[in-house]
Amino acid sequence: MKTILFNLNDIELEKFVTDFGWPRFRAKQIREWLNRGAPDFSVMKNLPVDMRDKLSETAETLPLKIVKKLESSDNQTTKFLLELVDGEQIECVLMRTTYGNSVCVSSQAGCAMGCKFCASTLLGLKRNLTVNEMFSQVLTAAWELRGDRLSDTKPNGDANNGDVSHIVVMGTGEPLQNTENVIGFLERANHDLNISWRRITVSTCGIVPGIIELTKWGRPINLAISLHAPIDELRSKIMPINNRYKLNEVLNAAFEFSDAQNRQLMIEYILLGKRDENGDVMIYNATPEHAQQLIDLLRGHNVMVNLIPWNSVDERDFASISGNAVHKFQDILIKGGIHTRIRRERGADIGSACGQLRLKNKKDVK
Ligand code: SAH
């Protein structure tokens, strides 16, 4: 099996290089390329060609490979389908926005949470991702942004400089089922890539012990809670995790986190409809009554509700609701004193919603 150089520490990398009879400084050069996210050895232009060839035969750069790369029609979103060493596939999305370059990172291969509207969970959980596998997703996006401009300044989290500036752990998987590695990954992103804590967001379906762990960790990141329903009865129908951790428990842990870090809590709320027997779309979780219930839950707390249009998933029996219904729901929340915004859809044309690409690829292969 090929050695994955990114997984070696400095001493191991040096040994790998000197075992071939190459001088030590080559290890440092290779490390610089690895830290930039170099996808293979052919790009390492300051190494002799025969060395690059030998490296290609015996080693890989990162612990993942790009299987597919899709560009949205507006060129603002790039989606990667990545393959890990054991053949598992994950997704990662780079979004170039007005506020910066944001990477959406997967924390698991697959997902065990079983949310009824989501594509990521349809094939179940395969395994947790390692720190290096999460970090390499960011490096893949960094390479996409900066390529081989090795002589430029070091990455410092500055989008104006072409760096990754934001990380959202909102890809496939439940990060708080893999909390230790997620924390290790974020510590490293902050330290090595200079991505500030305030530009990092972790999204969870509501694993209470994990939220408590984040509070103990004590970094001022943003926490996002995937709420999607304002009462337990409805939430349990679409999110099985709600049978384990009830709404109040989840929100109390989340408020404690955001109070301790003095951060605004983000609430994610997908707007779901369902078709009746005539094929008409009925609002499922976003009626005026639901809006009032949501206000009662959140009033008095420092929160921002992100309303998310549902990205349709063929296997899932939901429907998108009209723009009119979305605005009506938002108006009630705003009148109730709750900060609310509607999330812009990004990369819908390239299957950018949670797990769609991975799922499609598996189906195509079958
Ligand atoms: N497991 C974590 C993070 C991954 S999901 C969590 O639940 O928060 C990231 C966000 O995308 C969640 O809010 C999730 O509910 C939402 N999501 C999943 N499928 C979606 C779809 N088809 N359309 C829109 N949002 C979706």
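Rules and cut-offs
- Residues numbered from 1 in each chain as written.
- Predicted model: local features only at pLDDT ≥ 70, side-chain atom pairs only at ≥ 80, totals over all residues.
- Heavy atoms only, no water.
- Helix = DSSP H or I, 4+ residues; strand = E, 2+ residues; numbered from the N terminus.
- Rg over C-alpha atoms; globule rule 2.2 N^0.38 Å.
- Buried < 20%, exposed > 50% of the residue type's maximum accessible area, 1.4 Å probe, protein only.
- Contact = heavy atoms within 4.5 Å.
- Areas by Shrake-Rupley, 256 points an atom, 1.4 Å probe, with all protein chains shown as cover.
- Lys, Arg positive; Asp, Glu negative; His and termini not counted.
- Charge placed at Lys NZ, Arg CZ, Asp CG, Glu CD.
- Near = heavy atom within 4 Å.
- Polar contact = N/O pair within 3.5 Å; in protein donor to acceptor, adjacent residues only side chain to side chain.
- Nonpolar A, V, L, I, M, F, W, Y, C, P; charged D, E, K, R; others polar.
- Domains from an automatic or database assignment.
- Buried area = accessible area lost by both parts, 1.4 Å probe.
- Phe/Tyr/Trp six-rings, centres within 6.5 Å; stacked < 30°, edge-to-face > 60°.
- Lys NZ or Arg CZ within 6 Å of the ring centre and 35° of its normal.
- Expected span 1.5 Å × (residues − 1).
- Arc of directions from axis to C-beta.
- Pairing = 2+ DSSP bridges.
- Axes fitted to C-alpha atoms, helices over the stretch in contact; angles between N-to-C directions.

1. What about the overall build of the chain?
Turning to step 1, where the next piece is worked out: Of regular secondary structure, the chain possesses eleven helices and 16 strands.
Turning to step 2, where the next piece is worked out: The C-alpha radius of gyration of the chain comes to 22 Å, within 12% of the 21 Å expected for a compact globule of 366 residues.
Turning to step 3, where the next piece is worked out: C-alpha extents for the chain along the principal axes are approximately 70 × 45 × 35 Å.
Turning to step 4, where the next piece is worked out: Expressed as a percentage of the 366 residues in the chain, the buried residues total 55%.
Turning to step 5, where the next piece is worked out: Long-range contacts, defined here as pairs at least 24 residues apart, represent 66% of the contacts in the chain between residues at least 6 apart.
Turning to step 6, where the next piece is worked out: Element-wise, carbon and sulfur atoms account for 48% of the exposed surface of the chain, whose accessible area totals about 16500 Å².
Turning to step 7, where the next piece is worked out: A distance of 2 Å separates the average location of the 46 positive side-chain charges in the chain from that of its 45 negative side-chain charges.

2. Details of the site of the ligand
Turning to step 1, where the next piece is worked out: Close to the ligand lie 20 residues; Gly173, Ser203, Ser226, His228 and Asn311 are nearest.
Turning to step 2, where the next piece is worked out: In this structure, Ser203 approaches the ligand through a side-chain N or O atom, which is 2.6 Å from an oxygen atom.
Turning to step 3, where the next piece is worked out: With respect to the ligand, the backbone of Cys205 contributes an N or O atom lying 3.4 Å from an oxygen atom.
Turning to step 4, where the next piece is worked out: Expressed as a share of its isolated accessible area of 530 Å², the protein-covered part of the ligand is 94%.
Turning to step 5, where the next piece is worked out: Contributing elements (two or more residues each) for the shell around the ligand: β10 (200-204), β12 (265-271) and β15 (303-309).
Turning to step 6, where the next piece is worked out: Here the shell around the ligand is built from residues that sort into eleven nonpolar, seven polar and two charged.

3. Details of the domain arrangement of the chain
Turning to step 1, where the next piece is worked out: Each assigned domain of the chain is listed here: domain 1 (3-60) and domain 2 (71-365).
Turning to step 2, where the next piece is worked out: Counting residues at the interface gives 13 residues for domain 1, matched by 16 residues for domain 2.
Turning to step 3, where the next piece is worked out: Approximately 1200 Å² of surface area, both sides summed, lies buried where domain 1 meets domain 2, with 63% of it carried by carbon and sulfur atoms.
Turning to step 4, where the next piece is worked out: Contact with domain 2 buries area across many residues of domain 1, yet Phe6, Trp33 and Arg36 alone supply 58% of it, more than any other trio.
Turning to step 5, where the next piece is worked out: The dominant element in the side of domain 1 that touches domain 2, judged by the number of residues it contributes, is helix α2 (residues 25-36), at five residues.
Turning to step 6, where the next piece is worked out: Residue composition of the side of domain 1 that touches domain 2, by class: seven nonpolar, four polar and two charged.

4. Quick look at the packing of aromatic side chains
The relation between two aromatic rings is expressed through the spacing of the ring centres and the mutual angle of the planes.
Turning to step 1, where the next piece is worked out: For the structure on display, the rule yields eight aromatic pairs.
Turning to step 2, where the next piece is worked out: Taken together, a centroid distance of 5.4 Å and an interplanar angle of 70 degrees make the contact between Phe16 and Phe20 edge-to-face.
Turning to step 3, where the next piece is worked out: Since its relative accessible area comes to 29%, Phe20 is described here as partly exposed.
Turning to step 4, where the next piece is worked out: Seen in terms of ring centroids, Tyr284 and Phe318 are 5.3 Å apart; in terms of plane orientation they differ by 70 degrees. Their pairing is edge-to-face. Of this pair, Tyr284 sits in the loop between β14 (281-283) and α9 (288-298) while Phe318 sits in the loop between β15 and α10 (323-335), placing them 34 residues apart in sequence.
Turning to step 5, where the next piece is worked out: For Tyr284, a relative accessible area of 18% corresponds to the buried category.
Turning to step 6, where the next piece is worked out: One aromatic cluster is present, formed by Phe16, Phe20 and Trp22 through successive ring pairs.
Turning to step 7, where the next piece is worked out: We note Arg188 situated over the ring of Phe135; from NZ or CZ to the ring centre the distance is 4.5 Å.
Turning to step 8, where the next piece is worked out: Over the face of the ring belonging to Phe318 we find Lys274, whose NZ or CZ atom lies 4.7 Å from the ring centre.

5. Digging into the side chain of Thr204
Turning to step 1, where the next piece is worked out: Its location among the elements puts Thr204 in strand β10.
Turning to step 2, where the next piece is worked out: Here Thr204 falls in the buried class, since its relative accessible area comes to 1%.
Turning to step 3, where the next piece is worked out: Once you skip the residues sitting within four places of it in the chain, Thr204 turns out to touch Glu174, Leu176, Ile211, Leu223, Ala224, Ile225 and Ser226.

6. A closer look at α10
Turning to step 1, where the next piece is worked out: Across its 13 residues, α10 extends 18 Å between first and last C-alpha, which sits within 8% of the 18 Å expected from 1.5 Å per residue.
Turning to step 2, where the next piece is worked out: Taken residue by residue, α10 has Ala325, Val326, Phe329, Gln330 and Leu333 as its buried positions. Summarising the axial view, the buried residues of α10 lie within an arc of 135 degrees, below the 170-degree limit, and thus occupy one face. For α10, exposure combined with an orientation more than 90 degrees from the buried face picks out Asn324, Lys328 and Lys335.
Turning to step 3, where the next piece is worked out: Buried-residue contacts for α10 involve β12, β14, α9, β15 and β16 (339-342).

7. Describing the sheet that holds strand β6 (residues 100-104)
Turning to step 1, where the next piece is worked out: With respect to topology, ten strands assemble into an open sheet ordered β3-β4-β5-β6-β9-β10-β11-β12-β15-β16, the strand pairing being mixed. Two strands in the sheet have a free side with no partner beyond their single neighbour: β3 (64-71) and β16. Between one strand axis and the next, the sheet turns by 20 degrees as a mean value, whatever way the strands run.
Turning to step 2, where the next piece is worked out: Relative to β6, strand β5 (residues 89-97) is paired through five bridges, and the arrangement is antiparallel. In the sheet register, Leu94 faces β6, and the bridge partner there is Val103.
Turning to step 3, where the next piece is worked out: Where helix α5 (residues 179-193) meets the sheet, it contacts β9 (166-169) and β10, and its direction lies at approximately 175 degrees from that of β9.

8. Considerations on the pairing of β5
Turning to step 1, where the next piece is worked out: Among the nine residues in β5, nine count as buried, and that is most of the element.
Turning to step 2, where the next piece is worked out: Side-chain alternation along β5 places Gln89, Glu91, Val93, Met95 and Thr97 on one buried face and Ile90, Cys92, Leu94 and Arg96 on a second face that is also buried.
Turning to step 3, where the next piece is worked out: Inspection of the sheet shows strand β4 (residues 77-84) paired to β5 by seven bridges, in the antiparallel sense. Bridging across to β5, Lys79 finds its partner in Val93.

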